[in-house]
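# Chains, contacts and geometry: an overview
Spelled out from the first residue to the last, the chains are:
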Amino acid sequence: MLFLGIDVGTGGSRAVLIDETGKVVASHATEHVPFQSKFPGWAEQDPEDWWRASQESIRTVLSAADCLPADIAAVGLTGQMHGAVLLDADGQVLRPSLIWCDTRSGPECDWLHATLGREHVIELTCNPALPNFTLTKILWVREHEPEIFARIAHILCPKDYVRFRLSGVHAMDVQEASGTLLLDVTHRRWSIPMAEATGVPIKWLPQLFESAEVCAKVSKSAAAATGLVAGTPIVAGAGDQGAGAVGMGILKPGSVSATIGTSGVVFAATDAPIRDPLGRLHTFCHAVPGRWHVMGVTQAAGLSLRWFRDVISAGAQNQPATYEQLMTLAAEAPAGSDGVFWAPYLFGERTPHLDPDVRAAFIGLTASHRQPHLTRAVLEGVAYSLRDTFTLFAELGIPVRGVRLGGGGARGPLWRQIQADIYGRPVQLLVAEEGGAYGAALLAGVGAGAWPDVDTACESSICVAETIRPDPTAVDVYDRGYQTYRKLYPALASLRA
Amino acid sequence: MTVILGLDQGTSSSRAVLMRADGTLSHIAQRELPQIYPQPGWVEQDPEAIWSSQAAAVRAVLGDAGLDPSAIHCIGITNQRETTVVWERATGRPIANAIVWQDRRTADDCAQLATTEHNGCNVESLVSEKTGLVVDAYFSASKIRWILQHIPGARSQAQAGQLAFGTVDTWLIWKLTAGRRHITDVSNASRTLLFNIHTLTWDNELLEIFEIPRSMLPEVVDSSGNLAVTTELLPNGNITGIAGDQQAALFGQMCLRPGMAKNTYGTGCFLMLQTGTTPIRSPHRLLTTVAWRIASQTNYALEGSIFVAGAAIQWLRDGLGILNSAPEVEALAASVPDSAGVVFVPALTGLGAPHWDPHARGAIFGLTRGATRAHLARAALEGITLQVADIVRAMEANSDNATGGLRVHELRVDGGASTNDLLMQMQADVLGIPIVRSQTSEATVLGVCYLAGLGAGIWSNTEELERQWCESRRFDPQSTSEERSRKLAEWHQAIQRARG
């Protein structure tokens, strides 16, 4: 028995095929056309392109794996969250999708908060209105493209559109739905008050499922297009954060991941919908029935290091260092970078500041500082900003018992150690981190009955490779450094060009 | 042919130049001078090496020009200021290495001394009132005191009148006159912390505070006139000009009337504003100093310095690593129309006038995903010009109070980075006044040769010199006053956040 996970990401769509032991049998990623940005802050993609890339990845995986399509017991989906896919009554796409990083809907967020009250929005949905969330994008279309709004019959998120093309079914899982701002996250159902207040008819919204539930079957036409067998069950899946957490085994209360990709996410599983009255954390349904998760987001985590590589390390020769070279350089500087700090706000900040306008800075420079100090300061600054989310967890009484590292921040020993030292707790490195597609495949396995539940699926397939313990001396340095770091945001926020 | 020999004894090199009577420099020779770093914060030089490098430069420039020493009409000497030499009068032998102006070994002594009382007066305010300076390790007095305290036998030798103190001008003249002349000019004397700039004499109270016997001190002379006759190296040469390097540069830029100012762009910046014949005290702790005394008439100046100017560009090269060479900064910065909101506060060694915060640190603010090397380069240049603007404003604010409106109408510039056209245009834009670059960037040697020629009667008055002085380029401001206010407001916000 094999399980197929499909991750409809931003840069590309990836298919991963695993067996009953959780071993990856084959995987393949197909790039998307880069998103279009007609104006600053706009980001649009054509849903047809996701479907093209998904088909190609599925076909490639099927031909690479030494298996029969009939061996595939179930398919699971995951993908970039929040994107608004608008369909008419015939299932035709009405306009390019406004994706997660499109921030044009700031005024719609203001309108929602002004109309309903920010606290009330948080009460109804567990989250404040942010331009990333689907509903605010729909409201932008209502305001600016009323002729399109008038023709909407169905609203989906990106991976759910691929499901629709695979099966003809409109469906969504509760984890993904949490990011629409239309879900009553506490009760895991659409929020009728929210829909009514914003003029979005409930009938536009797809039927909701738990992540491991089978909600559709591969259609004949999709079978022809992909090489899958018609009738193969499709589970609901989860958004990339939810499926990624499944793929890292972050399921039970106390279990936390710190993932440094382009952005940085600290993610904690909880057994109740714990919400921050100030809206600094996202509170979503988890991909496991009866569980929720909270997460804090650093906008420019890996992006900080990429900027530093491309702009600073590239130097006059315009030859960017490799990440390995940067890590070697950073290792030459002591913990605390001799007083240099990096405030990683290249792209504004989400958690805990919710400030799109704040800018990044290097602070504490002296004549003797060199590239090793600056490089290390970037690694430390990103980890400090993730620590801000741990601080919020403590404030809200969210337990943290084990921390697993993910993304690029987990790949080198130096950044792993810096994270252990700055978080002040042991961190775990997994044997293999396969991302959201792997989590989606595990959910498919549960849907197919290979495992009784998601917890069992994770326990039997995910292994810890190494536990990195904090170094007490460095912890002292960083505890003091964090006190300084905490003063940076207020200073920078009041510095407006 | 009338030839003036200018000696320019600087921190890193000794130079000798020849000037013709039309004011043009014909030859320059230079010899490097090593610094000695016995421990962190200490900076010394070997006094004999100071002399031998200076002598070598003189021989070289005469050789280059094919001139016999007897062809030299007169000699001017300008020098690194405050650097302290103590030697035995009998033998001419230094009892210690010269303690260089940058040396910080007496910082704690000075901090402690500043809080004490002398004859019922707070030492800090007493010193500041009399000298126009601040109690700081930078100036000579605490360096002399350190030598007397730490060199075995020095104190008793000094009390017996056997030791002589001099700044570098004094030491060179002692050497050039085989110990017959022990003199310094008023501009150098005013940097010792022992000289009363109102009475223009060594001050007994200050000598008591620093425990220095008066017998060590040189005779104080004018900056221009018949000051000494040499016997060594240049037999029978007339020394007719002496001035500290920054004062010489002020004279070389022909800033002769109140309100005229010069700025030298080097590793740091040195600004000097001519304030006329009365000393003006600064509420922003700018230094009040003697500019020069010619024919018994004394002119004063306000001085402000920036620790990091060219050094900010060096840091872009060596610290940030975004330049191969410092001169690249101009083209790079010119490739963008503005810094896109990036602000670089180059407080890499703390902040000097008018902020005076040793705990301030450098910072780069306002970075976004789109920030490039070019924006950083431009922000660094802006950071230099904004620091200069702060000093000019402090000088004006303070002159207003004292004299009813001393405005800087243009800034004359010299030094290495003053050849950077973009930097000069940005400086004009941020100050809202023209920046004027003189024809030679060698304002210091020009100034001391002018002083010497004036003292020797080659020119009969300063008007003749002013007619000779030429500007090479003028940068007029292209900014509006709103733009300037906005920029300065943004800068002051950034400065606040770079402070300790």
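Secondary structure summary: chain B contains 16 helices and 25 strands in total. Seen through its C-alpha atoms, chain B measures out along the principal axes to roughly 70 × 60 × 45 Å. The proportion of buried residues among the 500 residues of chain B is 54%.

So, about the overall build of chain A. Scanning chain A from terminus to terminus reveals 17 helices and 23 strands. Its C-alpha atoms give chain A a radius of gyration of 22 Å, within 12% of the compact-globule value 23 Å for 497 residues. Principal-axis analysis of the C-alpha atoms gives chain A an extent of 70 × 55 × 45 Å. Counting the 497 residues in chain A, one finds 57% classified as buried. Considering only intrachain contacts with a sequence separation of at least 6, the fraction spanning at least 24 residues in chain A is 72%.

Moving on, we get to the packing of helix H15 (residues 436-447) of chain A against helix H16 (residues 454-461) of chain A. Angle between the axes and distance between the axes: these two values describe a pair of packed helices. All names here are of chain A. Interaxial distance between H15 and H16 falls to 9 Å at its minimum, and their mutual angle equals 125°. Put simply, H15 runs oblique to H16. The crossing of H15 and H16 is right-handed. In this structure, H15 contributes Leu442, Leu443, Gly445 and Val446 to the contact, and H16 contributes Val454, Ala457, Cys458 and Ser461.

Cis rather than trans, the peptide bond between Thr351(A) and Pro352(A) has omega equal to 0°. Among the secondary structure elements, Pro352(A) is positioned in the loop between strand E19 (341-343) and strand E20 (360-365). Even without being a glycine, Asn119(B) presents a positive backbone phi close to 50°. Within the element layout of this structure, Asn119(B) appears in the loop between strand E8 (117-118) and strand E9 (121-122). Of the residues examined, Asn119(B) has 9 C-beta atoms within 10 Å and is grouped as exposed. You will see that Leu200(B), though not glycine, has its phi angle at about 60°, which is positive. Counting through the fold element by element, Leu200(B) comes out in the loop between strand E12 (195-196) and strand E13 (201-202).

Okay, the interface of chain B and chain A next. Facing the 29 residues of chain B at the interface are 23 residues of chain A. Of all the secondary structure elements, the ones that give two or more residues to the side of chain B that touches chain A are helix H10 (310-320), strand E22 (362-367) and helix H16 (481-498) of chain B. Here the side of chain B that touches chain A is composed, by residue class, of 12 nonpolar, 10 polar and 7 charged. Relative to E22(B), E20(A) is paired through 4 bridges, and the arrangement is antiparallel. Counterpart to Ala360(A) in the pairing with E22(B) is Leu367(B).

For the rest of this paragraph, the subject is the sheet that holds E20(A). Spatial ordering of the open sheet is given by E19(A)-E20(A)-E22(B)-E21(B), a layout of 4 strands whose pairing is antiparallel. Both edges of this open sheet fall to E19 of chain A together with strand E21 (343-345) of chain B, since each of them pairs with a single strand only. Across the sheet, the mean angle separating the axes of adjacent strands is 10° when strand polarity is ignored. Helix H13 (residues 371-395) of chain A contacts E19 and E20 of chain A of the sheet and is inclined by roughly 50° relative to E19(A).

Right, let's talk about the environment of Gly92(B) for a bit. Here Gly92(B) is to be found in the loop between strand E6 (85-88) and strand E7 (98-99). The spatial distance from the C-alpha of Gly92(B) to the C-alpha of Leu351(B) is 40 Å, given a sequence separation of 259 residues.

Once that is clear, we can look at helix H1 (residues 47-64) of chain A. Every α-helical turn comprises 3.6 residues, leaving residues that sit three or four positions apart pointing alike. With 18 residues, H1(A) should reach 26 Å at 1.5 Å per residue; the first-to-last C-alpha distance of 26 Å fits that figure. Of the residues making up H1(A), those classed as buried are Pro47(A), Trp50(A), Trp51(A), Ala53(A), Ser54(A), Gln55(A), Ser57(A), Ile58(A), Val61(A) and Leu62(A).

Here the focus is the nonpolar core. Among soluble globular proteins, nonpolar side chains are generally buried collectively. Counting residues in hydrophobic clusters, the biggest one holds 330 residues, and the most contacted among them are Leu443(A), Val454(A) and Leu316(B). Considering each element in turn, this core owes the most residues, 14 residues, to helix H12 (residues 373-403) of chain B. Once you skip the residues sitting within four places of it in the chain, Leu316(B) turns out to touch Ile322(B), Leu323(B), Val329(B), Leu376(B), Ala377(B) and Ala380(B).

Moving on, we get to helix H14 (residues 413-423) of chain A. All names here are of chain A. Looking only at H14, the buried set comprises Trp415, Ile418, Gln419, Ala420, Asp421, Ile422 and Tyr423. Summarising the contacts, the buried residues of H14 are in contact with strand E15 (254-260), H13, strand E21 (400-407), strand E22 (427-430), strand E23 (464-468) and helix H17 (472-493). One or two residues past the end of H14 sits Gly424, with phi positive at roughly 70°.

Residue and element names in this part refer to chain A. In space, the 7 strands of this open sheet follow the order E17-E18-E16-E15-E21-E22-E23, with mixed pairing throughout. Two strands in the sheet have a free side with no partner beyond their single neighbour: strand E17 (282-285) and E23. Each strand axis lies, on average, 25° off the axis of its neighbour in the sheet, ignoring direction. Sheet topology note: the E15/strand E16 (residues 264-270) ladder contains 5 bridges and is antiparallel.

Residue and element names in this part refer to chain B. Of all 6 residues in E22, 6 are buried, a share of seventy percent or more. Note that E21 and E22 share 3 bridges and pair antiparallel. By the bridge assignment, Val343 is partnered in E22 with Phe365.

What follows covers the environment of Arg15(B). As for its placement among the helices and strands, Arg15(B) is situated in strand E2 (residues 13-20). Between the C-alpha atoms of Arg15(B) and Val58(B), which are 43 residues apart in sequence, the distance is 7.5 Å.

Before going further, it helps to spend a moment on the environment of Asp471(A). Along the chain, the position of Asp471(A) falls in the loop between E23 and H17. Along the chain, Asp471(A) and Gln417(A) lie 54 residues apart, while their C-alpha atoms are 8.2 Å from each other.

Another point: the confidence of the model for chain B. In the predicted model, chain B carries a mean pLDDT of 92, and 98% of its residues have values of at least 70. Across the whole predicted complex the pTM is 0.87, and at the interface the ipTM reaches 0.89.

What counts and how
- Residues numbered from 1 in each chain as written.
- Chains lettered and ligands numbered in written order.
- Predicted model: local features only at pLDDT ≥ 70, side-chain atom pairs only at ≥ 80, totals over all residues.
- Helix = DSSP H or I, 4+ residues; strand = E, 2+ residues; numbered from the N terminus.
- Buried ≥ 20, exposed ≤ 12 C-beta atoms within 10 Å, placed from the backbone.
- Rg over C-alpha atoms; globule rule 2.2 N^0.38 Å.
- Contact = placed C-beta atoms within 7 Å.
- Axes fitted to C-alpha atoms, helices over the stretch in contact; angles between N-to-C directions.
- Parallel < 35°, antiparallel > 145°, perpendicular 65-115°, else oblique.
- Left-handed = near helix turned anticlockwise from the far one by under 90°.
- Nonpolar A, V, L, I, M, F, W, Y, C, P; charged D, E, K, R; others polar.
- Pairing = 2+ DSSP bridges.
- Expected span 1.5 Å × (residues − 1).
- Core = buried A, V, L, I, M, F, W, Y, C linked by C-beta atoms within 7 Å.
- pLDDT = per-residue confidence, 0-100.

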